[in-house]
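Architecture and fold: a report
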2 protein chains.
Amino acid sequence: MIIVGEKLNGSIKSVAQAIQSRNAEFVRDLATRQLEKRADYIDICSGVPEQDAEVLGWMIDLIQTDHPGVRFSIDSSNPDTILSCMQKCRNPGMINSVSLETGKIEKILPVAAEMKEWNIIALLMDNNGIPVTVEKRMENFENLIVKTKEFGIAENRLFIDPLVFSVATTPESFLNFINTSKQIREAHPDIHIISGLSNISFGLPYRKAINHAFLIGAMLNGMDSAIMDPLNGDMLGGIYATEALTNIDEYCIEYLDAYRDGMFGI
Amino acid sequence: MIIVGEKLNGSIKSVAQAIQSRNAEFVRDLATRQLEKRADYIDICSGVPEQDAEVLGWMIDLIQTDHPGVRFSIDSSNPDTILSCMQKCRNPGMINSVSLETGKIEKILPVAAEMKEWNIIALLMDNNGIPVTVEKRMENFENLIVKTKEFGIAENRLFIDPLVFSVATTPESFLNFINTSKQIREAHPDIHIISGLSNISFGLPYRKAINHAFLIGAMLNGMDSAIMDPLNGDMLGGIYATEALTNIDEYCIEYLDAYRDGMFGI
């Protein structure tokens, strides 16, 4: 599993306060702790559109001073912010995100075509929002692939998010997610499937039971990446356990190491 | 999911002590608590072969006085014990278990042929123990089916346990389990798949992470019954969550009810 650490997001109150007061220690600490817990990418999202590029640039400078090898997931709705942040990063990272929804993809793809080591999160939504059916998701997927091919983006750079509604309101939400994942992986084995882990349980009590089952079920059906909180030991333990069960982690070597290192179960 | 509550087992120290001192309150309480937490069957296992029938008979009398509708899973290696317990039970239950391993099946099946409401747990082991491969498990399954058909046992009375080794020593253990389950369910949709939930993690630390992932992964691949501890809220929550995700529990009605009733998440 490829983990995108989601904690540095301005929609979280404590992060919003740290951004407002430019609390460098807070940001550095949250990045470091996520990197210690197996985050492959540190997602950064400002939550303040009017200062987007400045805030993200400040975070990038802070974090890559501490961690020269860090890779960022640049999380912004503004393509200009994404492009300026890409220039600031020492290491190639993740563009979060593109979709058919807006004109953003037309600005991002030409740059991604040049910066060949950057990966791209692509959401299967369109101007009508999140599709209800698997068929419509696959139609959006095919339309996306036409565009990425046009710009010569290799398939292994694509992280497709099939998107989920809450099962509280859309009973077939999980089944549609895994069926979309399976169809994509069967036809395009190099393409990654990514998802957040909490939308599925929106509106329900004790969301962690649903989120945990979603994580394991999605991993067993082709999802190989998640935007998640790596500081959540239950979820991280679920990843190590599922990798052991599926023989990705043969003889539980990683599971045992991670347990000894306190990554989960403490 | 059909839940067989596993707590009244003489191999558990506190239960062994209660059996030795014929502590009726202990037994009644453990049965009641499991029934309150969605146990469909109460498994009873004496752990004392020389007093097997007497101990199980004592438990049956105690529990069915409190709960006239209770269904037992009679867990014994002695076919005569099973047969005598079946006579004592007011309601049809579960025979736990038969396999190709011993001569037990030849004693049990003629009786099961007559007592048509009793279900049967059948393990896919043979005289060489638990098979390593899916192919050998399927061979044992086909041999079992020949015998049960001979006695006119309906397929919906069969609860097949494909059996698992620990992933610590057998990396493909889970994958073999789900592949066996899928093959059986595809060819025989009326047959149930059952398993214990803890053998998979034998020898590993923080077993609940592995057990939990096993439960969810097995449920997503055809397992519809488990021999488990229904008092474990995390596991029971995992069942409700997976039933919600797979639209067995449409709009999370059961999930919400169970949460309100304190079945998990407290």
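One can find the structure itself at the top, above this paragraph.
Please read all numbers here as calculations on a predicted model, not as lab measurements. (Residues numbered from 1 in each chain as written. Chains lettered and ligands numbered in written order. Predicted model: local features only at pLDDT ≥ 70, side-chain atom pairs only at ≥ 80, totals over all residues. Heavy atoms only, no water.)

Observations regarding the sheet that holds strand β3 (residues 72-75) of chain A
Residues and elements named next belong to chain A. Here is the rule we go by: DSSP-based pairing: two strands are paired if at least 2 bridges between them are found. Per the convention used, a helix needs a DSSP run of H or I reaching at least four residues, while a strand needs a run of E reaching at least two, with both numbered from the N terminus. Each axis is a line fitted through C-alpha atoms, and for a helix only the stretch in contact is used; angles between axes span 0 to 180 degrees, taken between their N-to-C directions. By the convention used here, residues are in contact when the closest approach between their heavy atoms is within 4.5 Å.
Pairing within the closed barrel is parallel, and its eight strands lie in the order β1-β2-β3-β4-β5-β6-β7-β8. Within the sheet, the average angular offset between the axes of one strand and its neighbour, ignoring direction, is 25°. Across three bridges, strand β2 (residues 41-45) lies against β3 in parallel orientation. Across the sheet, Ile-42 pairs through a bridge with Phe-72, a residue of β3. Along the sheet, helix α2 (residues 24-36) makes contact with β1 (2-9) and β2, crossing β1 at roughly 160°.

Digging into the pattern of salt bridges
Worth spelling out the cut-off: Any Lys or Arg side-chain nitrogen found within 4 Å of a carboxyl oxygen on Asp or Glu counts as a salt bridge. Under the scheme applied here, a residue whose accessible area is under 20% of the maximum for its type counts as buried, over 50% as exposed, and between as partly exposed, the area being computed with a 1.4 Å probe on protein chains only.
Counting across every chain of the model gives 28 salt bridges over all chains. In this structure, A:Arg260 and A:Asp257 form a salt bridge, with 3.1 Å as the shortest nitrogen-oxygen distance. You can see A:Arg260 and its partner A:Asp257 sitting in helix α10 (residues 253-260), three residues apart, about one turn around the helix. Between B:Lys208 and B:Asp234 there is a salt bridge, and its shortest N-O distance comes to 3.7 Å. A residue pair is termed long-range when its members are at least 10 positions apart, and B:Lys208 in helix α8 (residues 207-219) and B:Asp234 in helix α9 (residues 233-245) qualify at 26 residues. Residue classification places B:Asp234 among the partly exposed positions, given a relative accessible area of 33%. When salt bridges that share partners are traced, they join A:Glu25, A:Arg28 and A:Asp66 into one network.

Digging into the packing of helix α7 (residues 173-187) of chain B against α8(B)
Residue and element names in this part refer to chain B. Quick reminder of the rule: Comment on the angle field: the value is read as roughly parallel under 35 degrees, roughly antiparallel over 145, roughly perpendicular from 65 to 115, and oblique elsewhere. Two helices that cross are described as forming a left-handed crossing if the nearer one is turned anticlockwise from the farther one by less than a right angle, and a right-handed crossing if clockwise. Throughout this entry, Asp, Glu, Lys and Arg are counted as charged residues, while Ala, Val, Leu, Ile, Met, Phe, Trp, Tyr, Cys and Pro are counted as nonpolar. The remaining residues, Gly among them, count as polar.
Close contact between α7 and α8 brings their axes to 10 Å; oriented N to C, the two are set at 25°. By the criterion of interaxial angle, the relationship of α7 to α8 is roughly parallel. Remark: the crossing between α7 and α8 carries right-handed chirality. Together, Phe-174, Phe-177 and Ile-178 of α7 and Phe-214, Gly-217 and Ala-218 of α8 make up the contact between the two elements. When the residues that make up the contact of α7 with α8 are grouped by side-chain class, the tally is five nonpolar, one polar and no charged.

Some points on unusual backbone geometry
Peptide bonds are, in most cases, trans, and in most cases residues other than glycine have a negative phi. Geometrically, the link from A:Asn96 to A:Ser97 is a cis peptide bond, its omega value of 15° lying close to zero. A positive phi is found at A:Arg22, a non-glycine position, where the angle reads about 50°. Within the element layout of this structure, A:Arg22 appears in the loop between α1 (13-20) and α2. We note that B:Asn247 has phi near 65°; this positive angle belongs to a residue other than glycine. If you trace the backbone, B:Asn247 turns up in the loop between α9 and α10 (253-260).

What to know about the packing of aromatic side chains
The condition is simple: Note on aromatic contacts: the rings of Phe and Tyr and the six-membered ring of Trp form a pair at centre separations within 6.5 Å, being stacked when their planes are under 30 degrees apart, edge-to-face when over 60 apart, and tilted otherwise. We call a charge positioned above a ring when the Lys NZ or Arg CZ atom is no farther than 6 Å from the ring centre and deviates by at most 35 degrees from the ring normal.
All chains considered together, the criterion is met by 14 aromatic pairs over all chains. Arranged with centres 6.0 Å apart and planes meeting at 75°, the rings of A:Phe174 and A:Phe214 form a pair that is edge-to-face. On the criterion of sequence distance, the pair formed by A:Phe174 in helix α7 (residues 173-187) and A:Phe214 in helix α8 (residues 207-219) is long-range, its members being 40 residues apart. Among the residues examined, A:Phe174 registers a relative accessible area of 0% and is labelled buried. For the ring pair A:Tyr255 and A:Phe264, a centre distance of 4.9 Å and an interplane angle of 50° mean the geometry is tilted. The residues A:Tyr255 and A:Phe264 share a single accessibility class, namely buried. Among the aromatic residues, those joined into a cluster by ring pairs are A:Tyr206, B:Tyr240, B:Tyr255, B:Tyr259 and B:Phe264. Positioned above the aromatic ring of A:Tyr41, the side-chain terminus of A:Arg71 is 4.7 Å from the ring centre.

A short note on the interface of chain B and chain A
As a reminder, the rule being used: Buried area counts how much accessible surface, traced with a 1.4 Å probe, disappears from two parts once they are put together, with both parts' losses summed.
Taken together, the contact between chain B and chain A spans 35 residues of the former and 35 residues of the latter. Buried surface at the junction of chain B and chain A, summed over both partners, amounts to about 3,000 Å²; 77% is from carbon and sulfur atoms. Where chain B packs against chain A, one counts zero salt bridges. If you list the elements that add at least two residues to the side of chain B that touches chain A, you get α7, α8, α9 and α10 of chain B. Considering each element in turn, the side of chain B that touches chain A owes the most residues, seven residues, to α8(B). By residue class, the composition of the side of chain B that touches chain A is 24 nonpolar, eight polar and three charged.

Details of the relation of the copies chain B and chain A
Cut-off, in case you're wondering: In this comparison the copies share one frame, found by least squares on the C-alpha atoms of residues holding pLDDT of at least 70 in both.
With an axial shift of 0.0 Å and an RMSD of 0.0 Å, the rotation relating chain B to chain A amounts to 180°. Read as a symmetry element, the transformation amounts to a two-fold axis. When C-alpha distances to the rotation axis are compared across chain B, the minimum falls at B:Gly217, with a value of 3.2 Å. When the interface residues of chain B are mapped onto chain A, 100% of them again fall at the interface, so both copies present the same face.

Regarding helix α4 (residues 79-88) of chain B
This is how it is decided: Here a polar contact is taken to be a pair of N or O atoms separated by no more than 3.5 Å, where protein atoms must pair a possible hydrogen donor with a possible acceptor and residues adjacent in sequence count only if both atoms sit in side chains.
All of the buried residues in α4(B) are B:Pro79, B:Thr81, B:Ile82, B:Leu83, B:Cys85 and B:Met86. Regarding α4(B), its N-cap is B:Asn78, as a side-chain oxygen of that residue lies 2.8 Å from the backbone nitrogen of B:Asp80 further along.

Description of helix α5 (residues 104-114) of chain B
All names here are of chain B. Heads up, the condition is: It is the directions from the helix axis to the C-beta atoms whose arc is reported.
Along α5, the residues classified as buried are Lys-104, Ile-105, Ile-108, Leu-109, Ala-112 and Ala-113. The arc enclosing the buried residues of α5, seen along the axis, measures out at 140°, which places them on a common side. Against the buried residues of α5 lie α4, β4 (94-98), β5 (119-123) and α6 (134-150).

Let's talk about the packing of α8(A) against helix α9 (residues 233-245) of chain A
Relative placement of two packed helices is described by the angle separating their axes and the distance separating the axes. Residues and elements named next belong to chain A. Across the interface, α8 lies against α9 with an axial gap of 10 Å and an inter-helix angle of 25°. Considering their axes alone, α8 and α9 lie roughly parallel with respect to each other. The two elements α8 and α9 cross, and the hand of that crossing is right-handed. Side by side, α8 and α9 meet where Lys-208, Asn-211, His-212, Leu-215, Ile-216 and Met-219 of the first sit next to Asp-234, Met-235, Gly-238, Ile-239, Thr-242 and Glu-243 of the second. Taken together, the residues of the contact of α8 with α9 sort by class into five nonpolar, four polar and three charged.

Some details on the environment of A:Ser166
Residue and element names in this part refer to chain A. Its location among the elements puts Ser-166 in the loop between β6 (158-161) and α7. A sequence separation of 36 residues divides Ser-166 from Phe-202, and the C-alpha atoms of the two residues are 5.3 Å apart. Contacts of Ser-166, omitting those with residues within four sequence positions, involve Ser-173, Asn-199, Ile-200, Ser-201 and Phe-202. Among the polar contacts made by the side chain of Ser-166, one reaches the main-chain carbonyl oxygen of Ile-200 at a distance of 3.4 Å.

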